[in-house]
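# Survey of secondary and tertiary structure
The residues making up each chain are set out below.
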Amino acid sequence: MKLVFATNNLNKLKEVQEMLSEKIELLSLKDIGCTEDIEETATTLEGNSKLKADHITNHYQYDCFADDTGLEVDSLDGAPGVYSARYGGEPRNADRNIDKLLGELQNNNDRSAQFRTIITLNLKGESYDFEGVCKGQILQERSGNGGFGYDPVFQPEGHSQSFAEMSAEEKNKISHRGLAVEKLVQFLNNLD
């Protein structure tokens, strides 16, 4: 089965490809010749995920899945949430995003947070959503050089390392995206 993953983020593409069965051939946006920026104008993760999946299905006629992920910090009323990628301003920059987040939490003892991923799958004319959540806390400072985005400041519950200190395999087993992709893969494997 050929499926398009509607992303230009090579880190996410690699992360997901490692988790998919060999029966599923994953195509990137580049593979199908999609070079335009897909608007992410929705105010929810679910909305943005659907916008991206629908764009590929409607313009390129491929079965497709798209995701949107947000870091939701309890004491910031769920921010940065749907605005996680551009939290520090344009153009998107992970270090600026982390700097802004750490600045806003500087004098705050409640550092509980969660990463949440929504995957929308468009398959044979139907649409399905899969959610993955990883709870944890925001560290006082960066720790580790791996991963991407907010990984250096996010420590998942029950672990003593940040996502950035974990191997890709360790992170995939517990991460929000890993959990959502696991649900997606189970669903796809049960279609046969």
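Criteria and cut-off values
- Residues numbered from 1 in each chain as written.
- Predicted model: local features only at pLDDT ≥ 70, side-chain atom pairs only at ≥ 80, totals over all residues.
- Heavy atoms only, no water.
- UniProt positions renumbered as here; feature names shortened; annotations may be inferred.
- Helix = DSSP H or I, 4+ residues; strand = E, 2+ residues; numbered from the N terminus.
- Buried < 20%, exposed > 50% of the residue type's maximum accessible area, 1.4 Å probe, protein only.
- Polar contact = N/O pair within 3.5 Å; in protein donor to acceptor, adjacent residues only side chain to side chain.
- Phe/Tyr/Trp six-rings, centres within 6.5 Å; stacked < 30°, edge-to-face > 60°.
- Lys NZ or Arg CZ within 6 Å of the ring centre and 35° of its normal.
- Expected span 1.5 Å × (residues − 1).
- Arc of directions from axis to C-beta.
- Contact = heavy atoms within 4.5 Å.
- Pairing = 2+ DSSP bridges.

### Regarding the UniProt feature "binding site: Mg(2+)" (unreviewed entry) in the protein
What UniProt calls "binding site: Mg(2+)" (unreviewed entry) maps, in this numbering, to E39 and D68. Over a stretch of 30 residues, the named residues converge on one spot in the fold, their C-alpha atoms separated by at most 12.2 Å. Within the secondary structure layout, E39 lies in the loop between strand 2 (25-27) and helix 2 (45-60). For D68, the location among the structural elements is in strand 3 (residues 64-73). Since its relative accessible area comes to 7%, D68 is described here as buried. For D68, the side chain forms a polar contact with the side chain of N48, separated by 3.2 Å.

### What to know about the packing of aromatic side chains
For the coordinates displayed, the defined rule picks out 6 aromatic pairs. Ring geometry for Y128 against F187: centres 4.5 Å apart, planes inclined by 50 degrees, an arrangement best described as tilted. Of the two residues, Y128 sits in strand 6 (residues 126-138) while F187 sits in helix 5 (residues 176-189), which places them 59 residues apart along the sequence. In this structure an aromatic cluster arises from ring pairing among F115, F154 and F163. Across the ring face of Y87, the terminal group of K100 is positioned such that the distance to the ring centre comes to 4.4 Å. Note that K171 overlies the ring of F163, its terminal NZ or CZ placed 5.3 Å from the centroid.

### Looking at the UniProt feature "coiled-coil region" (unreviewed entry) in the protein
Following the UniProt record, one finds the feature "coiled-coil region" (unreviewed entry) at residues 3-30. A helix fraction of 29% and a strand fraction of 21% characterise residues 3-30, whose end C-alpha atoms lie 13 Å from each other.

### Structural notes on helix 2
Taking 1.5 Å of rise per residue, 16 residues should cover 22 Å, and helix 2 covers 23 Å from first to last C-alpha, within 8% of that figure. Where helix 2 is concerned, the buried positions are L45, N48, S49, K52, A53, H55 and I56. Along the axis of helix 2, the buried residues cluster in a sector spanning 150 degrees; they form a single face. Buried residues belonging to helix 2 abut strand 1 (2-5), strand 3, strand 4 (80-81) and strand 5 (112-123). Count one or two residues on from helix 2 and you reach Q61, which has phi positive near 55 degrees.

### Focus on the pairing of strand 3
In the case of a regular strand, side chains alternate between the two sheet surfaces. Of all 10 residues in strand 3, 10 are buried, a share of seventy percent or more. In terms of strand pairing, strand 1 meets strand 3 through 2 bridges, oriented parallel. From the neighbouring strand, V4 faces strand 3, where its bridge partner is C64. The pairing of strand 3 with strand 5 spans 10 bridges and is classified as antiparallel. Considered in strand 5, the bridge of D68 is made with I118. Both strand 3 and strand 4 contribute to a ladder of 2 bridges, which runs antiparallel. Across the sheet, E72 pairs through a bridge with P80, a residue of strand 4.

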